[in-house]
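Okay, here's what each chain looks like letter by letter:
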Amino acid sequence: PEESRRHISLRVSLTFLTSGHYYANPSNRMWSLLYNSGMTPRLLAASEDVTCPVEFGIGFTDLGLNNPGTDSSAFKSPQLKIWKQGLFLRLKDHSERARNTIQSENQCECGQSDEWDRKLGQPYVIAFSGKRQWSELFEGKKRTVSYGIQSDRPKCWPFQKP
């Protein structure tokens, strides 16, 4: 089925553009973080990112799609606010594709409840590679973001709260 976890970075790196793979810079620790957190059963190479949706239920996307770089200060809040709508649309489209895949492959017991059907296909976890990415999704920039699971959601968030 479609991925059940989604990881969001600010923008793809220049290394991604040359290699075609997320977190391909040898100094990037994302792959070891995924392994050490138990999200993957073994340490993956960046070239294995294409297998992540099917094998591990992990997908990747960016807030600033098609705008490479790793310097988050290169873009100001107004630009990040514009990118927000594109991110929300990609997440919603992903959810609908996952829902359709699950239903067409009869991988669920649909109709268990209205709440179950509403959540079908939604990512179980959405992780951001930086606090700024999450903070910028809110109207009037959020001042403090702690690490860990967040209880509040930005306006127009495409999924209901767990």
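Up top is the structure.
Just so it is clear, the structure is predicted and the values come from calculations on it, not from any experiment.

(A) Structural context of the overall build of the chain. Counting secondary structure elements, the chain contains 6 helices and 3 strands. From first element to last, N terminus to C terminus, the chain shows the α and β order β-α-α-α-β-α-α-β-α. For the chain, the accessible area works out to roughly 9600 Å², and carbon and sulfur atoms hold 53% of it.

(B) Just helix α4 (residues 77-104), in detail. Over its 28 residues, α4 runs 40 Å from end to end, which matches the ideal 40 Å to within 8%, given 1.5 Å per residue. Buried residues of α4: L80, W83, K84, L87, F88, L91, H94, S95, A98, T101 and I102, and no others.

(C) Focus on the pattern of salt bridges. Following the criterion strictly, the structure yields 5 salt bridges and no others. The closest approach of N and O atoms between K84 and E139, which form a salt bridge, is 2.7 Å. With a gap of 55 residues between them, K84 in helix α4 and E139 in the segment after α6 (131-135) connect regions that are remote in the sequence. Judged by its relative accessible area of 53%, E139 falls in the exposed class.

(D) Region of interest: the nonpolar core. Of all hydrophobic cores here, the largest spans 14 residues; its most connected members are L63, L87, F128, W134, L137 and W157. Among the nonpolar cores identified, the runner-up in size contains 12 residues, and W31, L34, L44 and A46 belong to it.

(E) Just the packing of aromatic side chains, in detail. In this structure the tally under the stated criterion is 9 aromatic pairs. Relative to W157, the ring of W134 lies with its centre 5.4 Å away and its plane at 80°, an arrangement referred to as edge-to-face. Of this pair, W134 sits in helix α6 while W157 sits in the segment after α6, and the two are 23 residues apart along the sequence. Both residues of the pair, W134 and W157, count as buried. What links up through ring pairs into an aromatic cluster is the set F88, F128, W134, F138, W157 and F159. Over the aromatic face of Y147 sits the side chain of K131, whose NZ or CZ is 4.2 Å from the ring centroid.

(F) Local environment of unusual backbone geometry. One non-glycine residue, Y23, lies in the positive phi region at around 55°. For C156, which is not glycine, the phi dihedral falls at a positive 70°. If you trace the backbone, C156 turns up in the segment after α6. Of the residues examined, C156 reaches a relative accessible area of 52% and is grouped as exposed.

(G) Layout of the environment of V145. If you trace the backbone, V145 turns up in the segment after α6. Beyond its immediate sequence surroundings of up to four residues, V145 is in contact with K131, W134, S135 and Q150.

(H) Just the environment of P123, in detail. The topology assignment puts P123 in the loop between α5 (114-119) and β3 (125-128). Assessed through its relative accessible area of 12%, P123 is described here as buried. Separated by 31 residues in the primary sequence, P123 and K92 have C-alpha atoms spaced 9.8 Å apart.

About the cut-offs
- Residues numbered from 1 in each chain as written.
- Predicted model: local features only at pLDDT ≥ 70, side-chain atom pairs only at ≥ 80, totals over all residues.
- Heavy atoms only, no water.
- Helix = DSSP H or I, 4+ residues; strand = E, 2+ residues; numbered from the N terminus.
- Areas by Shrake-Rupley, 256 points an atom, 1.4 Å probe, with all protein chains shown as cover.
- Expected span 1.5 Å × (residues − 1).
- Buried < 20%, exposed > 50% of the residue type's maximum accessible area, 1.4 Å probe, protein only.
- Salt bridge = Lys/Arg side-chain N within 4 Å of Asp/Glu carboxyl O.
- Core = buried A, V, L, I, M, F, W, Y, C linked by side-chain atoms within 4.5 Å.
- Phe/Tyr/Trp six-rings, centres within 6.5 Å; stacked < 30°, edge-to-face > 60°.
- Lys NZ or Arg CZ within 6 Å of the ring centre and 35° of its normal.
- Contact = heavy atoms within 4.5 Å.

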